[in-house]
Amino acid sequence: MTEFVTTSLGDRIAYDKRGSGPGLVFVAGAGPFRAIDPWTTETAERAAALGLTTIVYDRIGRGESEGDGRIGLDRELAALTTLIELAGGRAVLCGHSSGCAISMVAADRGLPVTGLALWEAPIAPTGETAAWIAEVERRMDGGDLEGALAHYMKDMPPEWLEGSKQDPMYPAFVAQVISYRADGEALVWADSGPQAEVFAKIRIPVQIMYGEQTFDEMKVSAAAVVAAIPGAVEKELPGANHAWVPEPMAAELTAFTRAAAG
């Protein structure tokens, strides 16, 4: 059953909390929220059954976490601060896609994060991220939300955007693109310089994962993170099309979270 909590910046966050034990908070990337993401919910249920406290939430501006105005990274970090407290005061963050970058910023900023479990993080250094996100924000600020969504997804397989346009939820996907500003800020941070320097404050367990069927870019990103953060490891797990398989992912996350908790 959905619960609600208000952050220090006044945002009302909808979330599901399950289980008891070391904390694990799932951080979605650009797009997903609980009502359209049964895979994360199943993973959280399985991990809770294995002895964790899990939290899955709707990011600000999506699902039941209503939000307007400038939804930047500051508001997302305030939400994570509140949710980690609900998870027991410290937690592993499981980031998905651009949610990995948000999770990494949280660790960099000193939130009580015990470990980072990152799934298919699109953060290989390119030096081009700032210009890409600037165009997304230009369209967003000009009221062209559909154009902002299309530009955000420009490097994804074209059938993904076309498929979204056939979905009855497409108007909602367009409306919630305002929540992508936080993703953009985090991705720009990750590509703001040599990653060994950018990630220098992240000295907690880091595991970066990707599916058995994935894009080459995700393996490049994983290798970059492993090279930049001492002790970071990469793993291939069952998964395809940017998504994981819940049962093996829950087992992997449970082992990682328990180890990170000490």
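Owing to the predicted nature of the structure, the values given are computational and were not obtained by experimental measurement. (Residues numbered from 1 in each chain as written. Predicted model: local features only at pLDDT ≥ 70, side-chain atom pairs only at ≥ 80, totals over all residues. Heavy atoms only, no water.)

**Q** So what exactly am I meant to see when it comes to the environment of W244 here?
**A** Assignment of secondary structure puts W244 in strand 9 (residues 243-244). Overall, W244 belongs to the buried group, its relative accessible area being 8%. Along the primary structure W244 and M209 are separated by 35 residues, whereas in three dimensions their C-alpha atoms are 9.4 Å apart. Contact partners of W244, with chain neighbours within four places excluded, come to F26, W39, T40, T43, C94, H96, W119, P238, G239 and M249. In terms of polar contacts, W244 uses its side chain to reach the side chain of T43, at 2.8 Å. (Helix = DSSP H or I, 4+ residues; strand = E, 2+ residues; numbered from the N terminus. Buried < 20%, exposed > 50% of the residue type's maximum accessible area, 1.4 Å probe, protein only. Contact = heavy atoms within 4.5 Å. Polar contact = N/O pair within 3.5 Å; in protein donor to acceptor, adjacent residues only side chain to side chain.)

**Q** For this particular structure, what's the right way to read helix 10 (residues 216-228)?
**A** Working note: α-helix, 3.6 residues per turn, so residues spaced by three or four point in the same direction. Here helix 10 is 13 residues long and its end C-alpha atoms lie 19 Å apart, about the 18 Å a rise of 1.5 Å per residue gives. What helix 10 keeps buried is the set M218, S221, A222, A224, V225 and A228. For helix 10, the angular spread of buried residues about the axis comes to 160°, placing them on one side. Exposed and facing more than 90 degrees away from the buried side of helix 10 are D216 and A227. On its buried face, helix 10 sits against helix 9 (195-198), strand 7 (206-213) and strand 8 (233-240). (Expected span 1.5 Å × (residues − 1). Arc of directions from axis to C-beta.)

**Q** Please explain the sheet that holds strand 6 (residues 113-119) as it appears in this structure.
**A** Working definition: the strands of a sheet are paired by backbone hydrogen bonds and lie parallel or antiparallel to each other. If you walk across this open sheet you meet the nine strands as 1-2-4-3-5-6-7-8-9, and the pairing is mixed. For this open sheet the edge positions go to strand 1 (3-6) and strand 9, each flanked by a neighbour on one side alone. Both strand 5 (residues 91-96) and strand 6 contribute to a ladder of six bridges, which runs parallel. Its bridge partner lying in strand 6, A91 is registered against V113. Relative to the sheet, helix 10 contacts strand 7 and strand 8, its axis offset from that of strand 7 by approximately 160°. (Pairing = 2+ DSSP bridges. Axes fitted to C-alpha atoms, helices over the stretch in contact; angles between N-to-C directions.)

**Q** Looking at this structure, I do not really get the packing of helix 4 (residues 129-141) against helix 5 (residues 145-152). What am I missing?
**A** For any two helices packed against each other, one specifies the crossing angle of their axes together with the interaxial distance. At a minimum axis distance of 7 Å, the contact between helix 4 and helix 5 shows a crossing angle of 165°. Taken together, helix 4 and helix 5 sit at an angle that is classed as roughly antiparallel. Between helix 4 and helix 5 lies a crossing of left-handed hand. Two secondary-structure elements touch here, helix 4 through W132, I133, E135, V136, R139 and M140 and helix 5 through L145, G147, A148, H151 and Y152. Taken together, the residues of the contact of helix 4 with helix 5 break down into seven nonpolar, two polar and two charged. (Parallel < 35°, antiparallel > 145°, perpendicular 65-115°, else oblique. Left-handed = near helix turned anticlockwise from the far one by under 90°. Nonpolar A, V, L, I, M, F, W, Y, C, P; charged D, E, K, R; others polar.)

**Q** For this particular structure, what's the right way to read the pattern of salt bridges?
**A** This structure, assessed with the given rule, holds 18 salt bridges. Between R46 and E42 there is a salt bridge, and its shortest N-O distance comes to 3.0 Å. Separated by four residues within a single helix, R46 and E42 lie in helix 1 (residues 38-49), roughly one turn from each other. Judged by relative accessible area, R46 falls into the partly exposed class, the value being 32%. In this structure E42 comes out as partly exposed when scored by relative accessible area, which is 31%. The partner of R181 in a salt bridge is E137, with the nearest N and O atoms 3.7 Å apart. (Salt bridge = Lys/Arg side-chain N within 4 Å of Asp/Glu carboxyl O.)

**Q** How should I be thinking about the packing of aromatic side chains in this particular structure?
**A** In this description, a pair of aromatic rings is defined by centroid distance and the angle of the planes. Scanning the model with the defined rule gives five aromatic pairs in all. Aromatic pair F26 and W244: ring centres 6.4 Å apart, planes at 40°, arrangement tilted. Here F26, found in strand 3 (residues 23-27), pairs with W244, found in strand 9; they are 218 residues apart in sequence, far enough to count as distant. Here F26 falls in the buried class, since its relative accessible area comes to 4%. Note on W119 and W244: the rings are 5.8 Å apart at their centroids and 85° apart in plane angle, and the pair reads as edge-to-face. Taken together, the residues W119 in strand 6 and W244 in strand 9 connect sequence positions 125 residues apart. (Phe/Tyr/Trp six-rings, centres within 6.5 Å; stacked < 30°, edge-to-face > 60°.)

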